[in-house]
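Spelled out from the first residue to the last, the chains are:
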Amino acid sequence: MGNLRAWRYRLTEQPADEEIEQKARKVLKLLLIETSSIPGMKGWELKKHVGRDYLNAVKVAAVQADGLGMKIAIVPDEEDPENMDRARFVLMPKEPISELELSRWMRIEEVAALAILISEITIRGGAAPLQAVERILTSKLPKWRVNQIISKLKRLGYIKEENGLIMKDWRSKLEIDETGFIREIITISDETDNKTGK
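A. Structural detail: helix H3 (residues 43-50). Of all the residues in H3, the buried ones are Gly 43, Leu 46 and Val 50. Each buried residue of H3 sits inside an arc of 60° when the element is viewed along its axis, so together they form one side. Contacts from the buried residues of H3 go to helix H2 (18-32), strand E1 (41-42), helix H4 (54-66) and strand E3 (88-93). Positive backbone phi, approximately 125°, marks Gly 51, located one or two places after H3.

Set out below in structure tokens:
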């Protein structure tokens with residue numbers, strides 16, 4: 001199996017073979033269809049539907065997606081990061097997700113909680129104690145609501161918990177421009193405080 005990082009740089013190569021072009025279109029259709037709570041498909045799933053040369057089809061599909069303002073992101077398997085068959089391929093917008101877009105499927109307090117979690121994780125070098133972030137969030141929200149939000153963010157793939165530590169999960173790494181996202185939340189918070197006279 002080839003080096004994953006090197007393969008990513010070759011995503012812009014575009015073979016001219018008509019059969020590969022057809023397979024590339026099939027890849028895009030497969031990635032557009034959500035078959036589970038986790039977007040995208042594993043490499044072995046694409047291989048099953050497209051064929052053994054699915055990686056060539058993904059390269060061409062990436063070029064086609066680029067013309068639509070989209071990109072194919074690769075999420076390596078944590079246990080075997082160089083194995084393309086175990087990597088997850090996700091079709092997503094080229095531009096990072098904004099707070100406004102997140103708020104379409106998440107409540108404002110959930111988006112704010114996510115911003116707090118991401119900032120705490122970043123400040124603490126990639127992992128924050130669950131109890132510490134719970135204390136921060138429960139100063140703003142009831143305990144039951146904090147537990148509910150953390151469970152939802154785990155389920156959506158924005159955060160994960162290991163040995164009592166909260167870390168960014170695959171979705172945060174792919175979708176969120178960390179600095180811009182947190183700045184956006186701070187701006188909204190400041191505007192709200194100004195309106196309420198705080």
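B. Highlighting the sheet that holds strand E6 (residues 165-168). Reading across from one edge, E4-E6-E5 is the order of the 3 strands in this open sheet, with antiparallel pairing throughout. Among the strands making up the open sheet, the edge pair consists of strand E4 (128-129) and strand E5 (159-162). Bridge count for E4 against E6 is 2 bridges, and the pairing is antiparallel. Its bridge partner lying in E6, Ala 128 is registered against Ile 166.

C. Structural context of the packing of aromatic side chains. A full pass over the atoms with the stated rule returns 1 aromatic pair. When the centroid spacing of 6.3 Å and the interplanar angle of 85° are considered together, the rings of Tyr 54 and Phe 89 count as edge-to-face. With Tyr 54 in helix H4 and Phe 89 in strand E3, this residue pair connects regions lying 35 residues apart in the sequence. Look at Tyr 54 and you get buried, because its relative accessible area is 1%. Accessibility expressed as a relative area gives 0% for Phe 89, which makes it buried.

D. How the structure looks around the pattern of salt bridges. A complete count under the given rule lists 14 salt bridges for this structure. Between Asp 85 and Lys 47 there is a salt bridge; the shortest N-O distance is 2.8 Å. Placement of the pair is Asp 85 in the loop between strand E2 (70-75) and E3 and Lys 47 in helix H3, with a sequence separation of 38 residues. Its relative accessible area of 27% is what places Lys 47 among the partly exposed residues. Note that Asp 77 and Arg 86 form a salt bridge whose closest N and O atoms lie 3.3 Å from each other. Residue Asp 77 is classed as buried on the basis of its relative accessible area of 13%. Via salt bridges that share partners, Arg 107, Glu 109, Glu 110, Arg 145 and Lys 152 belong to a single interconnected network.

What counts and what doesn't
Residues numbered from 1 in each chain as written. Predicted model: local features only at pLDDT ≥ 70, side-chain atom pairs only at ≥ 80, totals over all residues. Heavy atoms only, no water. Buried < 20%, exposed > 50% of the residue type's maximum accessible area, 1.4 Å probe, protein only. Helix = DSSP H or I, 4+ residues; strand = E, 2+ residues; numbered from the N terminus. Arc of directions from axis to C-beta. Contact = heavy atoms within 4.5 Å. Pairing = 2+ DSSP bridges. Phe/Tyr/Trp six-rings, centres within 6.5 Å; stacked < 30°, edge-to-face > 60°. Salt bridge = Lys/Arg side-chain N within 4 Å of Asp/Glu carboxyl O.

Any functional reading would require information beyond the geometric quantities listed.
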